[in-house]
Amino acid sequence: GFITGSQAYQPTPIPLVMIHFFILQNRQGQTRIAKWYSSFEHEEKKKLQSEIYRTLIQRPSKYTNFVEFRNYTLVYRRYKGVFFTICCDPSDNEMAMLEAIHLFVECLDDYFVDVCELDLVFGFYKVFALLDEFFLAGELQESSKKVILARMNYLAEVEKKA
């Protein structure tokens, strides 16, 4: 051909929006749900959870929901005393992450019918299933509340039959 190996077109890789972890913590600092999409050692996970809690609990409510944390950006929102926190890269769209948190909470609320912290504790496997409908390998998989809830209802029907 006319183009040799070094002259061949090399597409620029599209940066993927990837979250590193998603953590739900109550006001006392207890982690209720933690989903890790990047690899961290067990001790590092414990340290991260503690540092994140201390960072968020001291933060005045008038500040934004975005915090520069180590080499990451934390995007968080508090609902009914539970902090929903996503850790992403500083180059990612923080507003999209905040919207993902809100959509996740809306789905939790619809699925559990007025969700509370006890639903997160005793229905943790359903919360993880719901989270897996949102994010796959740290990337946003589905953003339609209707589709996500339909899948969750299907899984509930399968579980009833088993």
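Refer to the preceding data block for the structure.
Scoring rules and cut-offs
- Residues numbered from 1 in each chain as written.
- Predicted model: local features only at pLDDT ≥ 70, side-chain atom pairs only at ≥ 80, totals over all residues.
- Heavy atoms only, no water.
- Helix = DSSP H or I, 4+ residues; strand = E, 2+ residues; numbered from the N terminus.
- Buried < 20%, exposed > 50% of the residue type's maximum accessible area, 1.4 Å probe, protein only.
- Polar contact = N/O pair within 3.5 Å; in protein donor to acceptor, adjacent residues only side chain to side chain.
- Contact = heavy atoms within 4.5 Å.
- Salt bridge = Lys/Arg side-chain N within 4 Å of Asp/Glu carboxyl O.
- Patch = residues over 30% accessible without salt bridge, like charges linked within 9 Å, V, L, I, M, F, W, Y side chains within 5 Å.
- Areas by Shrake-Rupley, 256 points an atom, 1.4 Å probe, with all protein chains shown as cover.
- Pairing = 2+ DSSP bridges.
- Axes fitted to C-alpha atoms, helices over the stretch in contact; angles between N-to-C directions.

## Observations concerning the side chain of Gln 25
- Secondary-structure assignment places Gln 25 in strand β1 (residues 19–26).
- Under the relative-accessibility criterion, Gln 25 is labelled buried at 0%.
- For Gln 25, the side chain forms a polar contact with the side chain of Thr 31, separated by 3.3 Å.
- Not counting chain neighbours up to four residues away, the residues in contact with Gln 25 comprise Gln 30, Thr 31, Arg 32, Gln 49, Ile 52, Tyr 53, Gly 81, Val 82 and Phe 83.

## What to know about the pattern of salt bridges
- Taken as a whole and assessed by the stated rule, the structure comprises 11 salt bridges.
- For Glu 51, the salt bridge is made with Arg 70, and the minimal N-O distance between the two is 2.9 Å. Highlighted residues: Glu 51 in helix α1 (residues 42–57) and Arg 70 in the loop between β3 (66–69) and β4 (72–79), separated in sequence by 19 residues.
- Because the salt bridges share partners, they merge into one network encompassing Glu 44, Glu 51 and Arg 70.

## Description of a nonpolar patch on the surface
- Residues Tyr 154, Leu 155 and Val 158 make up a contiguous nonpolar surface patch of roughly 290 Å² in combined accessible area.
- Its location among the elements puts Leu 155 in helix α5 (residues 145–161).

## Details of the sheet that holds β1
- Here 5 strands make up an open sheet; going across it, the order is β2-β1-β5-β4-β3 and the pairing antiparallel. This sheet does not close on itself; its edge strands, each paired only once, are β2 (31–36) and β3. The average angle at which neighbouring strand axes cross in this sheet is 20°, direction not considered.
- Relative to β4, β3 runs antiparallel, the two being bridged by 4 bridges. Looking across to β4, one finds that Glu 68 is bridged to Thr 73.
- Along the sheet, α1 contacts β1, β2, β3, β4 and β5 (82–88); its crossing angle with β1, the most-contacted strand, is approximately 60°.
- Where helix α2 (residues 94–112) meets the sheet, its contacts fall on β1, β3, β4 and β5, and the angle it forms with β4 comes to roughly 35°.

That is the geometry; function is a separate question.
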